[in-house]
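So you can see what is in the structure, the chains are spelled out below.
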Amino acid sequence: MELLRIEDLYYSYEHQGAGDVSERSFALRGIDLTISPGQYVAVVGANGSGKSTLLRHLNALLVPTAGDVWISGYNTKDSSALREIRSRVGMVFQNPDTQLITTLVEDEVSFGPENLGLPEDEIGRRVDWAMAAAGVTELKSRPPHLLSAGQKQLVAVASVLAMRPGCLVLDEATSMLDPVSRKSVLDTVRRLHSEGMTVVLATHSMEEAACAQRIVVLSGGKVAIDGDPHTVFSRERMLRELRLDLPCTVRIARGIHRRLFLEPSRLSSVETLVRAVLAAKGERSVAGDG
Amino acid sequence: MQVTAENSPVIEVKGLAHSYLPGTPLETVSLHGVDLEVRGGETVGIIGPSGSGKSTLLYHLNMLMRPQKGDVRVFGRSLNDPAADAGEVRRRVGLVFQNPENQLFERYAGDDVAFGPRNLGFSPSEVRERVRRALEMVGFPFLFKDRLVSSLSTGEKRRVAIAGVLAMDPEVLVLDEPSASLDPSAKNDFFKIIERWKKVPGRAVVMVSHSMEDVAELSDRIYVLVKGEVVLTGTAREVFSHPDILTRHGLTLPIPALVIERLKAEGLPVRSGAFTVEEAIKAIEEIIGA
């Protein structure tokens, strides 16, 4: 069975317009999306395309204005199912300050499991595992509000992991991290995914999106492209119209593609580009030798 | 306005040290004797892992913090001098925080841009003129002043926030993570605004970023800050020719340079010193033919 099913989802925000008249503007305009257990999905789109609004529907922080969102068969409009939904879908936000509440990192990470009423040794095991997985073990006695933005984000990741959710939703969670912290979060995400975790990650980094199995491109609250990274990156013109870009390695590959034996859109990682250049170079020296 | 000669130092930081919660068991040393210089006309990039003290350093540059130890001179004036005027320093050194769109608080865009000039006591006609110029600098017509802040996209809000800083007519712009959470086109627009602003002789930019690609592309000189100390400084070429030092400290090369390094490691005779997509394309074409 699908884990997440979104059917004809519309969502509108109410805000104050000119002359104190309340206005509604639609952030999502008819989204249909099904995500199976174990998928790794990246959601990309320009600022204002609806990424965050969509993600907030996945654990019932927002409920549809029209349409339905189903999580493992629970409808997010059913408020009695909130506990079931939120124990399955864990959310990491863009700004960790919105998520940290305690005075010590260790308490922060144990907050969730304690609220689940788990036995103490189980809480301890989860907390140690989650802190190690997010690389914050050495910060455990520090106050979260005095950490850097990047360190705070890793603490937020750890505190969500401690809930052992089946689906991890990350809303631009790496945009404030340094390259190695970013890599360690992404490596953690990849490892969790390989162990069966469903991952939905919104990002502005096309390099980050390229690590997913599937990329959903949003534009104006609708799905504009939905496919594997190669399919998405082969539509350069459309991406540019949607205010997006190609990954750095694909842009390099496009500059030299006449010499490569692979389409640039397939070369979305450093390693695949290096392999393609080596193959092209090998072919050329073989031809030269002959 | 005093005109700063091209190339004369506008900011000099010497032996700057700072601890959070000094004298308590939770004391955390953030900066350990940092030296940094910014000259008129320069763009200086600061990179460093999370928690290296980058933001703390930036907050000293416009007197949000005073030196606990060491000295910060802004346009020749020591901030240790009790007569140093915070208002004057903050007018000349404009600080753009991370996610500056979150700090817009007025109802109309124009009022937010006008907030600084009004507080400086300018006449309504001068305020109006400054708002007009600042909005135009970020690519908006004057009439944009009447737009409701709540109806703007993230990219537009960020441009309004930077217009608010530009309306103070600063001589140095200090940018903390300027590209995080912007979509690729909004990011390009933002950097074009900065480049255009900087065309006036003597103006300087200090930029903290986790994006090695942005820093490589925009900076004249780079400082690498690790655990509150400068471990490396020089041009992009000089700094990025030490991948070992960078990776040891949670940083990395810009992606194009990473591709070139990997090709070299595979034994290809590709030359070093390519940090941007264009440079990498050229360097690879040299070995496999255009």
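Note that the structure is a prediction, hence the values are computed from the model and not measured.

(A) Broad picture of the overall build of chain B. For chain B, the count of helices and strands is 11 helices and 10 strands. Relative to a compact globule of 290 residues, whose C-alpha radius of gyration would be 19 Å, chain B shows 20 Å and is just as compact. Its C-alpha atoms put chain B at 65 × 50 × 40 Å along the principal axes. Taking all 290 residues of chain B together, 48% fall into the buried category. A separation of at least 24 residues holds for 66% of the contacts in chain B among residues at least 6 apart in sequence.

(B) Local environment of the overall build of chain A. When you go through chain A residue by residue, the secondary structure sums to 11 helices and 10 strands. Relative to its length of 290 residues, chain A is compact, with a C-alpha radius of gyration of 21 Å against a globular reference of 19 Å. Projected onto the principal axes, the alpha-carbon positions of chain A cover approximately 75 × 50 × 40 Å. A total of 290 residues make up chain A; the buried ones form 52% of that total. Once local pairs closer than 6 in sequence are excluded, the contacts in chain A between residues at least 24 apart make up 61%.

(C) Up close: the packing of helix α10 (residues 248–256) of chain A against helix α10 (residues 255–265) of chain B. Where α10(A) contacts α10(B), the axes come no closer than 9 Å and their chain directions differ by 65°. Taken together, the axis directions place α10(A) and α10(B) in an arrangement best described as roughly perpendicular. You can see that α10(A) and α10(B) cross each other, and the crossing is right-handed. Contacts from A:C248, A:T249 and A:I252 of α10(A) reach α10(B) at B:I255, B:P256 and B:V259. Per-class residue counts for the contact of α10(A) with α10(B) are five nonpolar, one polar and no charged.

(D) Fine view of the environment of A:V189. All names here are of chain A. Secondary-structure assignment places V189 in helix α6 (residues 179–194). The exposure class assigned to V189 is buried, which follows from the 24 C-beta atoms found within 10 Å. Taking the C-alpha atoms as reference points, V189 and G30, 159 residues apart in sequence, are found 29 Å from one another. Leaving out residues up to four positions away in the same chain, V189 has contacts with L168, V199 and L201.

(E) Quick look at the interface of chain B and chain A. Across the contact, 42 residues belong to chain B and 42 residues belong to chain A. Per-element tally for the side of chain B that touches chain A: the top contributor is helix α11 (residues 277–288) of chain B, with seven residues. Within the side of chain B that touches chain A, the residues separate by chemical class into 22 nonpolar, 14 polar and six charged.

(F) Main features of the pairing of strand β6 (residues 89–92) of chain A. Residues and elements named next belong to chain A. Of the two faces of β6, the one holding V89 and M91 and the one holding G90 and V92 are both buried throughout. In the sheet, β6 pairs with strand β7 (residues 167–171) via four bridges, with the strands oriented parallel. Residue pairing across strands places G90 opposite L168, the latter belonging to β7.

(G) Inspection of the domain arrangement of chain A at higher detail. All names here are of chain A. By the assigned domains, chain A splits into domain 1 (4–234) and domain 2 (247–290). The C-alpha-based centres of domain 1 and domain 2 are spaced at 35 Å. Between domain 1 and domain 2, the contact holds seven residues from the first and eight residues from the second. At the level of elements, α7 (206–210) and α8 (229–233) are the ones that each hand at least two residues to the side of domain 1 that touches domain 2. Within the side of domain 1 that touches domain 2, the residues separate by chemical class into four nonpolar, two polar and one charged.

(H) Molecular detail of the pairing of strand β6 (residues 93–96) of chain B. Residue and element names in this part refer to chain B. Residue alternation in β6 divides its side chains into two sets, V93 and L95 and G94 and V96, and both sets are buried. Where β6 lies against strand β7 (residues 172–176), four bridges are found, and the strand directions are parallel. Bridge pairing in β7 places V93 opposite V172.

(I) View of the sheet that holds strand β8 (residues 198–202) of chain A. Residues and elements named next belong to chain A. Strand order in the open sheet made by the six strands is β6-β7-β8-β3-β9-β10, with mixed pairing throughout. The open sheet has two edge strands with one neighbour each: β6 and β10 (222–227). The mean inter-strand angle of the sheet, taken between neighbouring strand axes irrespective of direction, is 15°. Strands in contact with α6 are β3 (40–44), β7 and β8; relative to β8, the strand with the most contacts, it is inclined by about 150°.

(J) Just the sheet that holds strand β3 (residues 43–47) of chain B, in detail. Residues and elements named next belong to chain B. If you trace the six strands from one edge of the open sheet to the other, you get β6-β7-β8-β3-β9-β10, paired in mixed fashion. Each end of this open sheet is capped by a strand with a single partner; those strands are β6 and β10 (229–234). Between one strand and the next, the sheet's axes are offset by a mean angle of 15°, whatever the strand orientation.

(K) How the structure looks around the confidence of the model for chain B. Of the residues in chain B, 98% have a pLDDT of 70 or more, and the chain-wide mean is 91. If you check the scores for this complex, the pTM reads 0.86 and the ipTM reads 0.82.

(L) Seen up close, unusual backbone geometry. Residue and element names in this part refer to chain A. With a phi close to 50°, E172 is a non-glycine residue in the positive phi region. By the secondary structure assignment, E172 is in the loop between β7 and α6. Residue classification places E172 among the buried positions, given that 22 C-beta atoms sit within 10 Å.

(M) Structural detail: helix α5 (residues 154–166) of chain B. All names here are of chain B. In this model, α5 (13 residues) spans 18 Å end to end at C-alpha, consistent with the 18 Å of a helix rising 1.5 Å per residue. Those residues of α5 that sit buried are G155, E156, K157, R158, R159, V160, A161, I162, A163, G164, V165 and L166. On its buried face, α5 is in contact with β6, α3 (109–119), α4 (124–137) and α6 (184–198).

(N) Main features of the packing of α3(B) against α5(B). Residue and element names in this part refer to chain B. It is the contact of α3 with α5, at a shortest axis distance of 7 Å, that shows an interaxial angle of 30°. Looking at the two axes, α3 sits roughly parallel to α5. The handedness of the crossing between α3 and α5 is right-handed. On α5, the residues that touch A109, D112, V113, F115 and G116 of α3 are V160, A163 and G164. The class makeup of the residues in the contact of α3 with α5 is five nonpolar, two polar and one charged.

Reading guide: rules and limits
- Residues numbered from 1 in each chain as written.
- Chains lettered and ligands numbered in written order.
- Predicted model: local features only at pLDDT ≥ 70, side-chain atom pairs only at ≥ 80, totals over all residues.
- Helix = DSSP H or I, 4+ residues; strand = E, 2+ residues; numbered from the N terminus.
- Rg over C-alpha atoms; globule rule 2.2 N^0.38 Å.
- Buried ≥ 20, exposed ≤ 12 C-beta atoms within 10 Å, placed from the backbone.
- Contact = placed C-beta atoms within 7 Å.
- Axes fitted to C-alpha atoms, helices over the stretch in contact; angles between N-to-C directions.
- Parallel < 35°, antiparallel > 145°, perpendicular 65-115°, else oblique.
- Left-handed = near helix turned anticlockwise from the far one by under 90°.
- Nonpolar A, V, L, I, M, F, W, Y, C, P; charged D, E, K, R; others polar.
- Pairing = 2+ DSSP bridges.
- Domains from an automatic or database assignment.
- pLDDT = per-residue confidence, 0-100.
- Expected span 1.5 Å × (residues − 1).

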